[in-house]
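# Overview (structure and organization)
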Amino acid sequence: MTKTTPEQNKALVLETLFNKRDYVAAERFWSAHYVQHSAHIAPGREGLLDLIRGIPATLKYEAGLILAERDYVIVHGRFSGFGGPVSWIAADILRIEDGVLAEHWDVIQDEASRTDSKSGAPMFGESFPA
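A brief structural summary. (Residues numbered from 1 in each chain as written. Predicted model: local features only at pLDDT ≥ 70, side-chain atom pairs only at ≥ 80, totals over all residues. Heavy atoms only, no water.)

## A closer look at the pattern of salt bridges
- All chains considered together, the criterion is met by 8 salt bridges.
- Here K10 and E7 are joined by a salt bridge, their closest N and O atoms 3.1 Å apart. Taken together, the residues span about one helical turn, with K10 and E7 both in helix α1 (residues 6–16) at a distance of 3 residues.
- By relative accessible area, K10 is classed as buried at 17%.
- A relative accessible area of 53% places E7 in the exposed class.
- Across the salt bridge formed by E111 and R78, the nearest N and O atoms sit 3.0 Å from each other. With E111 in the segment after β5 (100–110) and R78 in strand β3 (residues 72–80), the pair connects residues that are 33 residues apart, well separated along the chain. Here E111 and R78 have matching classes, each one buried.
- Each of E46, D50 and R53 takes part in a single network of salt bridges with overlapping partners. (Salt bridge = Lys/Arg side-chain N within 4 Å of Asp/Glu carboxyl O. Helix = DSSP H or I, 4+ residues; strand = E, 2+ residues; numbered from the N terminus. Buried < 20%, exposed > 50% of the residue type's maximum accessible area, 1.4 Å probe, protein only.)

Dropping the structure here:
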């Protein structure tokens, strides 16, 4: 079993998220036994890769706050350019095992503008698209 540090795990997660679309390289980042806990993504590594392959090339992922402890990483991010009416704000929770992504959970919601936000605080960053 390969032990990695929380800093290495954060770097792995940032390297493997959705902007690169290098599917050959992706196979070395996701476990062959990858478990996807999501209502909108089919199970396993192929479900995730099929989802990404089906999203327009304009998809953009911006990572914000990222935290790691032991084998878990949580990243707060923003998905845009996928053809939806608004961007998505996501919290992705990933478990690393033997230096690869073994499990993934996500929480996704539509981005609200500062005006529409109940608290008046931005959901991601300091600006929103026009």
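## Section: helix α3 (residues 44–54)
- Every buried residue of α3 is accounted for by G44, R45, G47, L48, L49 and I52.
- On its buried side, α3 packs onto α2 (23–29) and β1 (30–37). (Contact = heavy atoms within 4.5 Å.)

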